[in-house]
Amino acid sequence: MKHMKRLGALLIVACLLLTMLPAAFAASTGTIVLTINSATMTVNGTSKQIDENGTTAVLDKGGYTMLPLRAIVESMGGKLEWDATTRSITMVKDGQTVKVTVGSKSAYVNGASRTLAYAPRINDKGRTLVHIRALEMFTGTSCVWDQTNKKVTVTYTYEPPKPPVTTKNYRIDVINQTGSDITSLYYGVSGTWQYTSSNALTTTLKKGATASFYIAVPSDATTKMYDFYTEGAAGTKVYSGLNLYNVNTYATVLLKSGTRPTFQQANDAGITVTSTGDTSLKIVNKYKYDIEELYMATSSSGLKNADNLLATDTVASGKNTTIKIDLDGTKDWYFKTVDEKGKEVTSGKVSFASKTAKSGTLILSSSGKLSLDGGAGETELTFKNTSSKTIEAIYMAGTKSDVADADNLLDDDLKADKSVTVDMDLEKDTSWYITVEFSSGSDLTEKSLSFEYENPASATIEISSSSVKISKEKKSSSSGSGDITLAIVNDTTQRIYAAYLVEDERDFDEDDPDEDDLLDGDKLSKGNYVIVEDMADADKYDLILYYGSGDNDYSYKAIDLSDADAYAVIYVSSFSSSSNKFSLTEYTDDDDDKLVLAIYNKTGADMKSTKLYDQDDDSMIESIGTIENKDYYFYLLDTDDYPDIEIEWKDKDDNTCDDDIDDLDNEVCFAVLTVEDDNDTTLENIDDLI
């Protein structure tokens, strides 16, 4: 989006806010009842004197109801003026002008000639009498004569007075946590794609810094939802959905970056920001060309929207530099470098030593390979404090003599009844020694630990005040591990008891499987899904699914994940009770146009008459029917045909609700659309769900 698009946008947004009025200001209907020879009239049910002169309606020759019309016109919300020179009357109401002249049947409505049934006249008291049906020249006005009661009823339309428009200023405090500087910020009404022409920032908003500005919202605005458009070192970004409905004075907005730019909002409160840059990343360039750009993301697809961590810096060939990064509570990352010749090199998934690692070294080798040194070990150790005391330090080593020189595995104190997980390379050694230091009382010194497996995938170590024991250990899978994260969707009426990913079903030992159960001992109920992280390589497999608890209660199907980059979904669509076989299809992140969309009802009531529509032409994609509360509905969506959809449903009060979901063609293979109790929707991709 170029800067030119914003020229004049401020005026457009102002017009949208000030001219789009609610339906409450539609025209209303009123009545005035007059009785021949009576000095009173009834206006909208209230009896009142026609005027202080004792005016009455009279029947003139030919049966025409005549009277001075000033009080009538003013009761209808109009104005009447008398011109003694021309002996004419001008009546104005709701933008229409009606002009009549004494002694003439000619009348003019907004300048157009009309004919009266009876000409106005002046009576012996000097009052100008006009036929009551002259009022019918105003649009929406009619006169009905009641011969029996000698009454005439004037029915008319009028616009009720509009409340005065006021403006409320909301202070917006913006915190920049995108990882790069923001030079410009513009805002506009959500969905209009029109933004203010002037920059809301008075100076560059540095990464980690805060800036404030005000948004003025008129009292008659049709929405209090706004979007941000930013420009900076990372390019242009759009942040959608600032909600000012429940804001009293100010809102704090924390801008983040990623595959889809997001933000965190707090109403009338600040946001505590975890300090960024806790991890030192040393970048070593052994390649023949300078590194000019560096990106990191939690998924390979996220790299294309990540911010350049080097900004204006470079890492020269044969040199190194150290920068600060934020792991954001995640140990697994993807990196990409771009050298001075424009060549891109990606690392694949790499892992830091822990989610709070203090350092790591990223190396671009002389052969052009990108890797992380000082990364994670092979075993995930969970320390569970079952004592009543705080643990201040944990040390582990392969021999007693090395325990004293080992590093503390804890970044922070471990409170009673709490757990912490760290990654450690056990170096294929099953015998270890551990020392635990408590905040009070006696420590546990050089206690022995014996693991069942060499380099287990994970283990839980329970620590009491008097002992240390391994309570749970999970063997590393020989084939069920790798770089591919799997989502398994059970859209059948049959529970899945266990799932195994094997190279060849003929080698599967049902009595004692070598492979890990993808469900980790849990059952996958019907109409549900599970995500298994890093459980496959890009290869071909046999997928074994158990439909019962018996050793042989399973069926299998060959699946092909060889074109997967980082993600795949196994969509189990049906189960045949006669053949005891599941039907399933695999989709990978290489299938750009296929998305298994899970719609989750979290509204607190059944979603009735649920439908999916194409935003482009409003055609219906799928008629779903009822989605019961806390249930999922799975749908295979072609995102090439339907990148932008609308979901519509009826709530418990039979009110029709709807929401738009955009850019589904940016999602890969699996996503969950959650419909919340406030009827808003949240879309999470497979990476968000891990």
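As a starting point, this report considers the structure included with it. (Residues numbered from 1 in each chain as written. Predicted model: local features only at pLDDT ≥ 70, side-chain atom pairs only at ≥ 80, totals over all residues. Heavy atoms only, no water.)

### What to know about the pattern of salt bridges
Consideration 1: Taken as a whole and assessed by the stated rule, the structure comprises 13 salt bridges.
Consideration 2: The partner of K594 in a salt bridge is D593, and the shortest N-O contact between them spans 3.2 Å.
Consideration 3: Residue classification places K594 among the partly exposed positions, given a relative accessible area of 26%.
Consideration 4: Residue classification places D593 among the partly exposed residues on the basis of a relative accessible area of 22%.
Consideration 5: The network of salt bridges with shared partners includes D593, K594 and D638. (Salt bridge = Lys/Arg side-chain N within 4 Å of Asp/Glu carboxyl O. Buried < 20%, exposed > 50% of the residue type's maximum accessible area, 1.4 Å probe, protein only.)

### Focus on the sheet that holds strand β11 (residues 121-122)
Consideration 1: Taken together, four strands build an open sheet; the order of strands is β4-β5-β12-β11 and the sheet is antiparallel. Edge positions in the open sheet fall to β4 (58-59) and β11, since each of these has one partner strand only.
Consideration 2: Relative to strand β5 (residues 65-67), β4 runs antiparallel, the two being bridged by two bridges. Bridge pairing in β5 places V58 opposite M66. (Pairing = 2+ DSSP bridges. Helix = DSSP H or I, 4+ residues; strand = E, 2+ residues; numbered from the N terminus.)

### Re a negative patch on the surface
Consideration 1: On the surface, E503, D507, D537, D539, D560, D563, D565 and D590 cluster together into a negatively charged patch.
Consideration 2: One can find D563 in the loop between β40 (554-560) and β41 (567-576). (Patch = residues over 30% accessible without salt bridge, like charges linked within 9 Å, V, L, I, M, F, W, Y side chains within 5 Å. Areas by Shrake-Rupley, 256 points an atom, 1.4 Å probe, with all protein chains shown as cover. Lys, Arg positive; Asp, Glu negative; His and termini not counted. Charge placed at Lys NZ, Arg CZ, Asp CG, Glu CD.)

### Focus: the pairing of strand β30 (residues 391-397)
Consideration 1: In terms of burial, β30 is largely enclosed, as six of its seven residues are buried.
Consideration 2: Sheet topology note: the β30/strand β32 (residues 431-438) ladder contains six bridges and is antiparallel. Within β32, the residue paired with M396 across the bridge is I434.

### Regarding the nonpolar core
Considering soluble globular proteins, one finds that nonpolar side chains tend to be buried as a cluster.
Consideration 1: Core analysis: the largest hydrophobic core is formed by 31 residues, its most contacted members being I32, L34, L69, I72, M91, I132 and L135.
Consideration 2: At the level of secondary structure, the elements contributing two or more residues to this core comprise β1 (28-35), β2 (40-43), α2 (70-75), β7 (88-93), β8 (96-101), β9 (106-109) and β14 (151-158).
Consideration 3: Other than its neighbours up to four places away in sequence, L69 contacts L80, M91, V130, H131, I132 and L135.
Consideration 4: The next biggest cluster of nonpolar side chains, apart from the first, holds 25 residues, and it includes L486, I496, L543 and F575. (Core = buried A, V, L, I, M, F, W, Y, C linked by side-chain atoms within 4.5 Å. Contact = heavy atoms within 4.5 Å.)

### Comments concerning the sheet that holds strand β38 (residues 528-536)
Consideration 1: Read across the open sheet, the four strands follow the order β38-β36-β41-β42; overall the sheet is mixed. Strand pairing shows two members of the sheet lacking a second neighbour, β38 and β42 (581-588), which therefore form its edges. With direction set aside, neighbouring strand axes in the sheet form an average angle of 20°.
Consideration 2: Sheet topology places β41 next to β42; eight bridges connect them, and they run antiparallel. Each bridged residue has a counterpart across the sheet, and for Y571 the counterpart in β42 is T585. (Axes fitted to C-alpha atoms, helices over the stretch in contact; angles between N-to-C directions.)

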